[in-house]
Amino acid sequence: MQRGERDAAFSEFYAARALALRRVAYVVTRDWHAAEDVTQRAFVKIYRAWPRIERGGLEAYARRAVVNESLTHLGRRRRDVVVESVPDRPAPEPVVPLDLAAALAALPVQQRAVVALRFVDDRSVAETAEALGIAEGTVKSHTSKAIATLRQHIPTLTGGQP
């Protein structure tokens, strides 16, 4: 494949899948800016590997690249928050109702990745297992545990029942 043809094929794939993959990255990272960075890094890796990727497995390869980059990002991100000045005492925690983003934050990273692929990217158990490199039973287990956790944090998921 000539470089021009390769670039055109890659650009077409990027235009078709970048937004959907960024949504998956957002659910895992919970940060739109990080999701954009993660997606861009994943697509750089996809571009480098483009000649070696089988066209039938391109979608799965891209999903796995984005999820892996998201998990790597979460593992190496700084835990410190930069502030202009250090407060004298801790600020009181505001009492606000828990929203979906906060409920997703309560999930372990692997469960968030499963939720992102299963419900945001609308993938089957088998496709999710393949994308994450885990067993289908693990996907089912993570899905069940994630839904149970979300139901605890968001009572409206169970019709008002905690």
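In short, a report on the structure.

Calculation rules
- Residues numbered from 1 in each chain as written.
- Predicted model: local features only at pLDDT ≥ 70, side-chain atom pairs only at ≥ 80, totals over all residues.
- Heavy atoms only, no water.
- Helix = DSSP H or I, 4+ residues; strand = E, 2+ residues; numbered from the N terminus.
- Buried < 20%, exposed > 50% of the residue type's maximum accessible area, 1.4 Å probe, protein only.
- Contact = heavy atoms within 4.5 Å.
- Salt bridge = Lys/Arg side-chain N within 4 Å of Asp/Glu carboxyl O.
- Axes fitted to C-alpha atoms, helices over the stretch in contact; angles between N-to-C directions.
- Parallel < 35°, antiparallel > 145°, perpendicular 65-115°, else oblique.
- Nonpolar A, V, L, I, M, F, W, Y, C, P; charged D, E, K, R; others polar.
- Phe/Tyr/Trp six-rings, centres within 6.5 Å; stacked < 30°, edge-to-face > 60°.

Topic: the overall build of the protein chain
A tally of regular secondary structure across the protein chain gives 7 helices and 0 strands. Across the protein chain, helices and strands are ordered from the amino to the carboxyl terminus as α-α-α-α-α-α-α. Counting over 162 residues, the protein chain shows a buried share of 35%. The contacts in the protein chain between residues at least 6 apart in sequence include a share of 66% that link residues at least 24 apart.

Things to note about the pattern of salt bridges
In this structure the tally under the stated criterion is 10 salt bridges. The salt bridge partner of Glu 59 is Arg 123, with a shortest N-O separation of 3.4 Å. Residue Glu 59 is located in helix H3 (residues 58–76), and its partner Arg 123 is located in the loop between helix H5 (109–120) and helix H6 (125–132); the two are separated by 64 residues in the primary sequence. What makes Arg 123 buried here is its relative accessible area of 17%.

Considerations on the packing of H5 against helix H7 (residues 136–153)
Contact geometry for H5 and H7: axes closest at 9 Å, N-to-C directions at 95°. Comparing the axis directions of H5 and H7 gives the class roughly perpendicular. Seen from H5, the contacting residues are Gln 110, Gln 111, Val 114, Val 115, Arg 118 and Phe 119; seen from H7, they are Val 139, His 142, Thr 143, Lys 145, Ala 146 and Ile 147. Of the residues belonging to the contact of H5 with H7, the class tally is 6 nonpolar, 4 polar and 2 charged.

Brief notes about the packing of aromatic side chains
The geometry of an aromatic ring pair is captured by two quantities: the separation of the ring centres and the angle between the planes. Applying the stated criterion to the full structure yields 7 aromatic pairs. Ring plane angle 50° and centroid distance 5.9 Å describe the contact between Phe 13 and Trp 50, whose orientation is recorded as tilted. One end of the pair, Phe 13, is in helix H1 (residues 3–29); the other, Trp 50, is in the loop between helix H2 (32–49) and H3, with 37 residues separating them in the sequence. You'll find Phe 13 and Trp 50 in the same group, each marked buried. Chaining the aromatic ring pairs together yields one cluster made of Phe 10, Phe 13, Tyr 14, Phe 43, Tyr 47 and Trp 50.

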